[in-house]
Amino acid sequence: MVDGDDEPLNAVELIATVSHELRSPLTSIKGFTSLLISRWDGIADDRKLELLEQIRLDADRVTRMLTELLDVSRLETGRLHLRVRPLDVAALTHSVVEKVALHEPDLDAAIAFPADFPEVTADPDKVEQVLTNLVENAAKYANPLGLRIEGTVVGDGVAVAVSDRGQGIPEVDLPRVFERFFRRDEGRPTGTGLGLWISRGLVEAHGGHLTATSVEGEGSTFRFTLPLVPPSAPPAAS
């Protein structure tokens with residue numbers, strides 16, 4: 001759960017932010033589909049595939065934003081339900097990197113997990129959401145080259161760290177990265193500014209923690225922990 005001293009989200013600010021961010025992918029989807037419908041026979045097959053791929057990526061972007069809206073509501077009201085099952089975090093990490101690379105073609109990420117890395121009992125969709133957010137943020141706001149994602153065993157749980165070789169986060173900004181709507185000017189800021197706040201809430205709902213460290217000029221590391229079994233999280237009904 002997110003920190004109890006967080007103020008409730010301002011509905012007007014939330015709607016304005018999400019509406020602005022939805023405009024771009026929806027405009028793209030409408031434009032490309034109109035082009036395909038009106039000029040299908042005159043468009044080369046490879047160009048059709050490019051347009052369809054862009055439509056798919058934009059649709060994924062819309063889906064992620066709508067998911068964020070639902071998560072905000074559930075985290076704010078304490079109605080987030082985890083659908084937990086055994087999860088191979090190492091395999092999930094490889095899958096996330098492959099998906100992110102589809103729209104971040106310069107992504108170069110080294111993945112390091114020990115061979116005996118244990119499974120955890122967690123909600124696969126929520127952990128994937130956290131990993132995707134951290135990897136995408138590293139690629140957009142830092143540097144897509146030289147990323148390292150490392151898994152370690154810590155006590156009765158595991159930890160996953162996403163490290164980049166970007167310019168780092170200024171000391172004055174570091175305490176604010178988990179604030180709602182916070183977006184730094186560096187990199188290619190997109191999205192609602194809720195991703196890290198939501199990710200922290202999702203990790204804490206599992207009984208873990210999400211933290212950030214950074215050294216200016218060297219890079220940043222976002223690290224989250226997960227217990228092997230989350231507290232008070234009954235398995236989802238099949």
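Reading guide: rules and limits
Residues numbered from 1 in each chain as written. Predicted model: local features only at pLDDT ≥ 70, side-chain atom pairs only at ≥ 80, totals over all residues. Heavy atoms only, no water. Buried < 20%, exposed > 50% of the residue type's maximum accessible area, 1.4 Å probe, protein only. Helix = DSSP H or I, 4+ residues; strand = E, 2+ residues; numbered from the N terminus. Pairing = 2+ DSSP bridges. pLDDT = per-residue confidence, 0-100. Contact = heavy atoms within 4.5 Å. Salt bridge = Lys/Arg side-chain N within 4 Å of Asp/Glu carboxyl O. Axes fitted to C-alpha atoms, helices over the stretch in contact; angles between N-to-C directions. Parallel < 35°, antiparallel > 145°, perpendicular 65-115°, else oblique. Left-handed = near helix turned anticlockwise from the far one by under 90°. Nonpolar A, V, L, I, M, F, W, Y, C, P; charged D, E, K, R; others polar.

### So, the pairing of strand E5 (residues 157–163)
Part 1 of the reasoning: Most of E5 is tucked away, with six of its seven residues classed as buried.
Part 2 of the reasoning: With seven bridges connecting them, strand E4 (residues 147–154) and E5 associate as antiparallel partners. Paired with Arg 148 across the bridge in E5 is Ser 163.
Part 3 of the reasoning: As consecutive antiparallel partners, E4 and E5 are separated by two residues, and within that stretch Gly 155 has a phi angle of approximately 55°, a positive value.

### Topic: the confidence of the model for the protein
Part 1 of the reasoning: Averaged over every residue, the pLDDT of the protein is 84; the share at 70 or more is 84%.
Part 2 of the reasoning: Of all helices and strands in the protein, the one with the weakest mean pLDDT is helix H1 (residues 11–39) (78), whereas E5 scores best (97).
Part 3 of the reasoning: Within the model, pLDDT remains below 50 along residues 1–5, and this stretch shows twelve contacts once partners closer than five positions in the same chain are excluded.

### Digging into the pattern of salt bridges
Part 1 of the reasoning: A full pass over the atoms with the stated rule returns seven salt bridges.
Part 2 of the reasoning: For Arg 176, the salt bridge goes to Glu 179, with nearest N and O atoms at 3.4 Å.
Part 3 of the reasoning: The network of salt bridges with common partners includes Glu 53, Arg 56 and Asp 60.

### So, the packing of helix H2 (residues 45–77) against helix H4 (residues 124–142)
Each packed pair of helices is defined by two parameters, the angle between the axes and the distance between the axes.
Part 1 of the reasoning: Put simply, H2 and H4 touch, their axes get as near as 13 Å, and they point 120° apart. Judged by the inter-axis angle, H2 sits oblique to H4. The crossing of H2 and H4 is left-handed. Between H2 and H4, the residues in contact are Arg 64, Thr 67, Asp 71 and Arg 74 and Lys 126, Gln 129 and Glu 136, respectively.
Part 2 of the reasoning: A class-by-class count of the residues in the contact of H2 with H4 yields no nonpolar, two polar and five charged.

### Thoughts on the environment of Arg 148
Part 1 of the reasoning: For Arg 148, the position within the fold is in strand E4.
Part 2 of the reasoning: According to the relative accessible area criterion, Arg 148 is partly exposed, its value standing at 38%.
Part 3 of the reasoning: Separated by 13 residues in sequence, Arg 148 and Ala 161 have C-alpha atoms that sit 7.9 Å apart.
Part 4 of the reasoning: Setting aside anything within four residues of it in sequence, one finds Arg 148 in contact with Ala 110, Ala 112, Ala 161, Val 162 and Ser 163.

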